[in-house]
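# What the coordinates show
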Amino acid sequence: MRLFSKLKFRTKLNLGISAILISMAVLLLPLVSNMTAKILLEESRKRGSALVESLSARAVDPLLARDFLRLKNMVVEQVAVGDVLYAFVQDNHGFVLAHTFEGGFPVDLMRANEVPDFASVHIQLLADGPTRIYDFASAVTVGDERLGTVRLGLSKTRINASVNRQITIMAGLFAGALMLATIMGSLFASRVAARLGLLREHAEAMLMGNLDTQSGPADGSHCWEMRNCDLSSCPAFGERRRRCWYIAGTMCPDCKDEKGLTASRESCHLCKVYQQAAGDELQDLAETFDVMALSLKTHIDELRGADRNLREQQRLMRTILDVTPDRVSLVDTRLRYQGANRTFAESVGLKLHQIVGKTDFDIFDEQTAEARHMAAREILQSGERLDTQMVVEEAGERWFHVVCIPVHDEDGRITGLLRTDRDITDIKGYEKQLIQAQKMESLGLMAGGVAHEINTPLGIILGYAQLLQEDVAPGSQIHQDLGVIEKQAKVCKKIVADLLGFSRQTHSSKREMCFNNSVMEAVTLVRHTFELDHVDIIAQLDDRFPIIYGDPEKLKQVWINLLTNSRDAMPGGGVIVIRTRLDTPRGIVSLWVADCGEGIGEDVIKKIFDPFYSTKPVGRGTGLGLSVSFGIIEDHDGDIHAQSPVPEAFVFPYPEGRQHGPGTLFEVNLPLDHGEDEPARAERRDADHAGQDI
Amino acid sequence: MMTRAAKCLATLFLAAVMLMLPGCGDSEPALEVDLTRRERLVAPERQKTITYAYLPQYSRTVSFQRHRALLEYLRVTTGLPLHQVFPDTFDEHIKMVQRGEIDISFSNPFVYIQLAELGSTAFAKIVEPTGTPDFSGQIICRSDNPTIRTIEDCRGKRLIAVDPGSAGGFLFPLGLFYDHGIRLDDFAEVEFAQGKQEKVVLAVLAGAYDIGTIRKGTLDVVAGIIDLSDIRVLAETRNYPGWVYSARQGFDPADVGVIAEAMFSLDQANPEHSGILGAAGMSGIIPAHDADYDPIRELAVKVGIR
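Residues numbered from 1 in each chain as written. Chains lettered and ligands numbered in written order. Predicted model: local features only at pLDDT ≥ 70, side-chain atom pairs only at ≥ 80, totals over all residues. Heavy atoms only, no water.

Let us look at the overall build of chain B. The secondary structure content of chain B amounts to 10 helices and 15 strands. On C-alpha atoms alone, chain B measures out to a radius of gyration of 29 Å, which is more than a quarter above the 19 Å that the 2.2 N^0.38 rule sets for 306 residues. Considered along the principal axes of its C-alpha atoms, chain B spans approximately 110 × 55 × 40 Å. Looking at chain B residue by residue over its 306 residues, the buried ones come to 47%. Across chain B, the fraction of contacts at a sequence separation of at least 24, relative to all contacts at a separation of at least 6, is 79%. Per element, the accessible surface of chain B, about 14500 Å² overall, is 54% carbon and sulfur. (Helix = DSSP H or I, 4+ residues; strand = E, 2+ residues; numbered from the N terminus. Rg over C-alpha atoms; globule rule 2.2 N^0.38 Å. Buried < 20%, exposed > 50% of the residue type's maximum accessible area, 1.4 Å probe, protein only. Contact = heavy atoms within 4.5 Å. Areas by Shrake-Rupley, 256 points an atom, 1.4 Å probe, with all protein chains shown as cover.)

This is the structure we're talking about:
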């Protein structure tokens, strides 16, 4: 049976047909041959009886007339018939009047078959060696008078030959039928196998992902073609891959409004479209296969669309999570990590996929893990969110804003915790700077107030000292002392002026001014002095001569401060580059002052704009120069900052053959445009100062 | 491992084959003969017999059946070896008489007058079943023939008669036609049935001929063959002397006397004789003389045959 199951369909079909035909032949041939033999024998006996009776009837007249010629002709006529071996006529005494034998009469025949007077025919089987002969005897009578006997011999051997011929013909017919059936079966099986093979190929193609196969016949008419339908809103309109009975919701008036495809299809059996277009079971299967493939393709396309959408959303969510600088993580109720973002993974030094399933104790040191674990436990128990700030020693002291929120499911139960650690170290720094700025502002206000109050007495002291110098003889001790008083009073006045400038309580007179002229005035003022210290100034000014709105004197003070700072940074001399550039698109004009001095340390550069901060020896600087400059630039809505060393992009022209440091670069940006209220605000501020002066 | 169904099928198949096998044999008993053992047959010599012939107005079989019992009676009664012979036609009958091949001739009166001219002598005549020694002829046509109502309507029609030598079947009706002024030439066609009365009836019935002439009593003979209502008897002739037994010239008169005596002894009242007479279509046999047949001779002259 396993061997049979492995055979091909065509072979099975041919074997089945052959088995049926051979069985039929084996069963029927003996039966039919037996029946045929019996029928033929019976027919032969009947025919022989009929022949001999006919001969008997016709023999009456020639017997009465003793017409031997007619008798001879009659018997000879009988032998002319195929299987009649002999015929002869006897008179009522048994004498043979006419016979068909040549070369004498076989005497054994005379008494071989006797027929009674009143019997019509008597049949006797004779055996002449292997030859079998049916001998028919019929009495020739008229009324009750017997005139003689007619005998006739039929060859049973020939009858048997006829039977055998019949059997041979039947066997031949069976063989022919077997051959024909085998050929027809092969053709049929080939057709069926080809169609099944096509289905298999399409199934394999489906397995490989190709769902655009067409198993059913592509040709043939469709309902909308047969009916010349123009109902384009019908789902079957224009459909070529599916028959209309596979489509739900067709709008044909002949379609019954049945619910369900099975019920509607049963109603289709009476439809002419179905009757014309429907095929056999294999076509039905192929068309169902196509419908299944089409449906599957639709579902897969939908799934792929959903999957793509899901992936897009995942990617978007992952991007949001990964781009955010916050450390985001999700743990379940067992405090095992279910997910985290890239920032978190990087902070703990793991890959994203390595985090899933781990606990705090697997990721953090024991102390940190214990703290996080306890905090999480508390949230799980309380159900309240944690919102706190904490400092972590992580490449220095870093501050984090920690938010830990319990995640609830649809039933309100806590399924996990979402924790966000936001790095607020910079904010903390800004906060510190703000406090510092507030302190400096308070200090400035106090210093300004003090300077303002001191300025008048200093003026009086200076005035009286100068007046007294006029009253005493020059060169006298008193005159010299008065000169010291005057000098120190001027120093104090300078300090007071700086303090006032720092606290922006000095008078500001802004106007349209040429930026380059302001710079060149400053450079001209200091160039000679600087050259004495072996410091060269290279001015690279924008030749478009930008015009700004500002206080030329104060800005000149800023440039001089910056140049002086640069010179002080190069005690052995060097080069100072002062460069201006108009940036029209940004609406600013920039100035850079760079030196090739020893530079400023990273810690120092943060404090250089603080008042009274100076790295110079005592007596060389007040620590107010840069802070005053900062105040002036800020008063002009600009900004100033420094960086050290000088970036390479600045392309500093270092002097050849001389030693130089990393240098420092100051950059000042001033807006070209100014607000409409700027003069008013300046005037108001001036008025305030005037009031204070008053 | 065969399943139960497969075993059942195999058993049925074998049983069917076993049942069929006996039919393949040839067990019919046969009688052994040797067809090669042959001899030349010689016909036994026949003894001298007195030939008796019935004018062939009917087929040989009918003739044989009619006279078989009478001949057997005569053979037994007279002890003479009487043997019936069967001439094919009236002419052959006459010629056989003339050649001496027929000793005792049973013929119609018209043939008799011809035999008498050859030397035959009448010695007996039969009594018709009607009870008289005379008989007549009939003119017949189909019952559904509307064109023939009288003898005169026969003019121009197609005629079939028994034989030119037939008395009742031709001569008597011809005399009747002559009496009505109709000659043979007046018929569209005249055909003869070679002496067979039945053929005339059947030819008219088939429509091959419009009218036919037969001996009276023929319709009774064919009553079992055809529906008599399909045949209409148009006319019937007068009675003429009936059938006659005659002995050829030169036949032993003593034998004639013995035979005649035996014939005259037949008695209708005797059941045995009645059967013999009935089979022969007669009710008795009485003595006859040549002069009894002069009316026939007159009729023959009238119609121009003699």
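Resuming the write-up.
Looking now at the interface of chain A and chain B. Contacts between the two partners involve 42 residues from chain A, matched on the other side by 30 residues from chain B. Summed over both sides, the interface between chain A and chain B buries roughly 3200 Å², with carbon and sulfur atoms accounting for 60% of that surface. Considering only the surface of chain A that becomes buried against chain B, Leu-64, Phe-95 and Asp-108 of chain A emerge as the three largest contributors, covering 17% of it. Summed over the shared surface of chain A and chain B, the result is 3 salt bridges. Among the salt bridges present, the one from Arg-37 of chain B reaches Asp-108 of chain A, with a minimum N-O distance of 2.1 Å. In this structure, the connection of chain A to chain B is made through 10 residue pairs in polar contact (both at pLDDT 80 or more). Elements that contribute at least two residues to the side of chain A that touches chain B include exactly helix H2 (9–64), strand E3 (105–106), strand E4 (121–128), strand E5 (131–142), strand E6 (145–155) and helix H4 (156–207) of chain A. (Buried area = accessible area lost by both parts, 1.4 Å probe. Salt bridge = Lys/Arg side-chain N within 4 Å of Asp/Glu carboxyl O. Polar contact = N/O pair within 3.5 Å; in protein donor to acceptor, adjacent residues only side chain to side chain.)

What follows covers the confidence of the model for chain A. Mean pLDDT over chain A stands at 83; residues scoring 70 or higher make up 93%. A low-confidence stretch, residues 677–694 of chain A stays under pLDDT 50, and its non-local contacts, those more than four residues away or across chains, total 17 contacts. (pLDDT = per-residue confidence, 0-100.)

By size, the foremost hydrophobic cluster in this structure holds 60 residues, and its most contacted members are Ile-104, Phe-123, Tyr-245, Met-263 and Ile-285 of chain B. A per-element tally of this core places helix H5 (residues 167–179) of chain B first, with 6 residues. When residues of this core are sorted by domain, at least three fall in each of domain 1 (50–133 + 241–302) and domain 2 (137–238) of chain B. Among the nonpolar cores identified, the runner-up in size contains 50 residues, and Trp-559, Val-575, Ile-640 and Leu-665 of chain A belong to it. (Core = buried A, V, L, I, M, F, W, Y, C linked by side-chain atoms within 4.5 Å. Domains from an automatic or database assignment.)

This prediction gives chain B a mean pLDDT of 88; 92% of its residues lie at or above 70. Within chain B, the element-level pLDDT minimum falls on helix H1 (residues 4–20) of chain B, averaging 62, and the maximum on strand E9 (residues 158–161) of chain B, averaging 96.

Moving on, we come to a nonpolar patch on the surface. A cluster of nonpolar side chains, contributed by Met-179, Leu-180, Ile-183, Met-184 and Leu-187 of chain A, occupies part of the molecular surface with about 540 Å² of accessible area. For Met-184 of chain A, the location among the structural elements is in helix H4. (Patch = residues over 30% accessible without salt bridge, like charges linked within 9 Å, V, L, I, M, F, W, Y side chains within 5 Å.)

Residue and element names in this part refer to chain B. At a minimum axis distance of 7 Å, the contact between helix H2 (residues 60–78) and helix H9 (residues 271–280) shows a crossing angle of 145°. When you trace H2 past H9, the crossing you get is left-handed. Where H2 abuts H9, its residues Gln-65, Arg-66, His-67, Ala-69, Leu-70 and Tyr-73 lie against His-273, Ile-276, Ala-279 and Ala-280. Taken together, the residues of the contact of H2 with H9 sort by class into 6 nonpolar, 3 polar and 1 charged. (Axes fitted to C-alpha atoms, helices over the stretch in contact; angles between N-to-C directions. Left-handed = near helix turned anticlockwise from the far one by under 90°. Nonpolar A, V, L, I, M, F, W, Y, C, P; charged D, E, K, R; others polar.)

Attention now moves to the pairing of strand E1 (residues 84–91) of chain A. Residues and elements named next belong to chain A. The element E1 is largely enclosed, with a buried count of 7 among its 8 residues. Direction of pairing for E1 relative to strand E2 (residues 96–99): antiparallel, over a ladder of 3 bridges. Across the sheet, the residue bridging to Gln-90 is Val-96, located in E2. Between E1 and E2, which pair antiparallel one after the other, the connecting turn spans 4 residues, and Gly-94 there sits at a positive phi close to 90°. (Pairing = 2+ DSSP bridges.)

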